[in-house]
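Residue strings, one per chain:
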Amino acid sequence: MINEQNEIGKVIKFYRELKHLSQAKLATEIGVSQRNVSYYESGDHVPPADVLKKLATIFGITVDELVGTKKMNSNSTCKDYFYEDGTVNWNIKQKAKELNLSYEEVLSRTCIPTDRFDLLWYGNVQPIAEELVRFSEVLDVSIDYLLNNSLRERITAEEEIILLYYQKYPEDIMNLLNSFCYLSKKDRIIILGKCFELEQNNSSVAADETLKKTGTENMGK
């Protein structure tokens, strides 16, 4: 199950606090009650598509980043778009058509109950985060692409590497990026130079350790 460890709620809380927003303030901005925000952060409720888009806009991230999928990041921002009922439903069907996937195949692969799937496929019911993730995986596109947040279907190999680092050290990466972006160009160059220096030093230490280990093994023969 998607979000069984409340990853979406953790991300919402992280960015809310990063933006210095109270639950009440965030609730006002996205048009829900404070109780709903509390439910989102605790994992009791999963935000629907329109709320996910509002949250992404406020936090300055993509919906894919918000829900934690691998296909993320786009050149455009959520501020350039608005959620229109039926848009995501139409995009899902269009992408399935491009891939020559039938209704039955998408239904089977997403594992969404038939009654619920019919509302998403034939109607204008908004998918929740878990359903968006499932459609994203089956159709091999980003959630932001399905929501019209980006014309890009997937991220590059370089962006995938960045994402892997983010998934491993999310808080450290975000703090690093926020601090780095506030620096002047001169200071950013200095920081990058220091990083290269540390990387080089670590590589030299690792090489020395390897040589020592090899030498010790040779002496034992």
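Residues numbered from 1 in each chain as written. Predicted model: local features only at pLDDT ≥ 70, side-chain atom pairs only at ≥ 80, totals over all residues. Heavy atoms only, no water.

Visitor: Go over helix H3 (residues 34-42), please, and point to the residues and values.
Guide: In an α-helix, one full turn covers 3.6 residues, which means residues spaced three or four apart are oriented alike. By the burial criterion, the buried members of H3 are Val37, Tyr40 and Glu41. Here the buried residues of H3 occupy an arc of 95° about the axis, which is enough to place them on one side. Against the buried residues of H3 lie helix H1 (7-18), helix H2 (23-30) and helix H4 (49-59). Downstream of H3 by one or two residues, Gly43 has phi in the positive range, about 90°. (Buried < 20%, exposed > 50% of the residue type's maximum accessible area, 1.4 Å probe, protein only. Helix = DSSP H or I, 4+ residues; strand = E, 2+ residues; numbered from the N terminus. Arc of directions from axis to C-beta. Contact = heavy atoms within 4.5 Å.)

Visitor: For the packing of aromatic side chains, give the residues involved together with the corresponding values.
Guide: Going through the model one piece at a time under the given rule, you end up with seven aromatic pairs. Ring centres of Phe117 and Trp121 lie 5.4 Å apart, and the angle between their planes is 20°; this geometry places the pair in the stacked category. In this pair, Phe117 and Trp121 are both assigned in helix H8 (residues 114-122), four residues apart and thus about one turn of the helix distant. A single burial state applies to Phe117 and to Trp121, both of which are buried. Where Phe117 meets Phe135, the ring centres are 5.9 Å apart and the plane angle is 35°; that geometry is what we call tilted. With Phe117 in helix H8 and Phe135 in helix H9 (residues 129-139), the pair connects residues that are 18 residues apart, well separated along the chain. For Phe117, a relative accessible area of 0% translates into the label buried. Among the residues examined, Phe135 registers a relative accessible area of 1% and is labelled buried. Here a set of aromatic residues connected by ring pairs shows up, and it is made of Tyr103, Phe117, Trp121, Tyr122 and Phe135. (Phe/Tyr/Trp six-rings, centres within 6.5 Å; stacked < 30°, edge-to-face > 60°.)

Visitor: Can you lay out the packing of H2 against H4 for me, pointing to particular residues and giving the numbers?
Guide: To describe two helices that pack against each other, one gives the angle between their axes and the distance between the axes. Where H2 meets H4, the closest approach of the two axes is 10 Å, and the angle between their N-to-C directions is 115°. Note that H2 runs across H4; the crossing there is right-handed. Of the residues in H4, those in contact with Leu26, Glu29 and Ile30 of H2 are Val51, Lys54, Leu55, Ile58 and Phe59. Partitioning the contact of H2 with H4 into residue classes produces six nonpolar, no polar and two charged. (Axes fitted to C-alpha atoms, helices over the stretch in contact; angles between N-to-C directions. Left-handed = near helix turned anticlockwise from the far one by under 90°. Nonpolar A, V, L, I, M, F, W, Y, C, P; charged D, E, K, R; others polar.)

Visitor: Which residues make up unusual backbone geometry, and what values go with them?
Guide: Non-glycine residue Cys111 carries a positive phi angle of around 60°. Along the chain, Cys111 turns up in the loop between helix H7 (103-110) and H8. Unusually for a residue other than glycine, Asp140 sits at a positive phi of about 60°. Within the element layout of this structure, Asp140 appears in the loop between H9 and helix H10 (143-146).

Visitor: Tell me what's going on with H1, and back it up with residues and numbers.
Guide: Compared with an ideal rise of 1.5 Å per residue, which puts twelve residues at 16 Å, H1 spans 16 Å between its outermost C-alpha atoms and is within 8% of the ideal. Of all the positions in H1, only Ile8, Gly9, Val11, Ile12, Tyr15 and Arg16 are classed as buried. In an axial view of H1, the angular spread of the buried residues amounts to 160°, which keeps them on one side of the axis. His20, located one to two residues past H1, shows a positive phi value of around 60°. (Expected span 1.5 Å × (residues − 1).)

Visitor: Outline the pattern of salt bridges, listing residues and values.
Guide: Under the criterion given, the structure shown has five salt bridges. A salt bridge links Glu98 to Lys95; the nearest nitrogen and oxygen atoms lie 3.1 Å apart. With Glu98 and Lys95 both in helix H6 (residues 87-98) and three residues apart, this pair spans about one turn of that helix. Exposure remark for Lys95: the relative accessible area of 7% places this residue in the buried category. A salt bridge links Glu131 to Arg116, with the nearest nitrogen and oxygen atoms 2.7 Å apart. In this pair, Glu131 sits in helix H9 while Arg116 sits in helix H8, placing the two residues 15 residues apart along the sequence. The exposure class of Glu131 is buried, given its relative accessible area of 8%. (Salt bridge = Lys/Arg side-chain N within 4 Å of Asp/Glu carboxyl O.)

Visitor: Which residues make up the packing of H6 against H8, and what values go with them?
Guide: Where H6 meets H8, the closest approach of the two axes is 7 Å, and the angle between their N-to-C directions is 95°. For the element pair H6 / H8, the angle class is roughly perpendicular. Along the contact surface, H6 presents Asn89, Ile92, Lys93 and Ala96, while H8 presents Leu119, Leu120 and Trp121. Here the residues of the contact of H6 with H8 sort into five nonpolar, one polar and one charged. (Parallel < 35°, antiparallel > 145°, perpendicular 65-115°, else oblique.)

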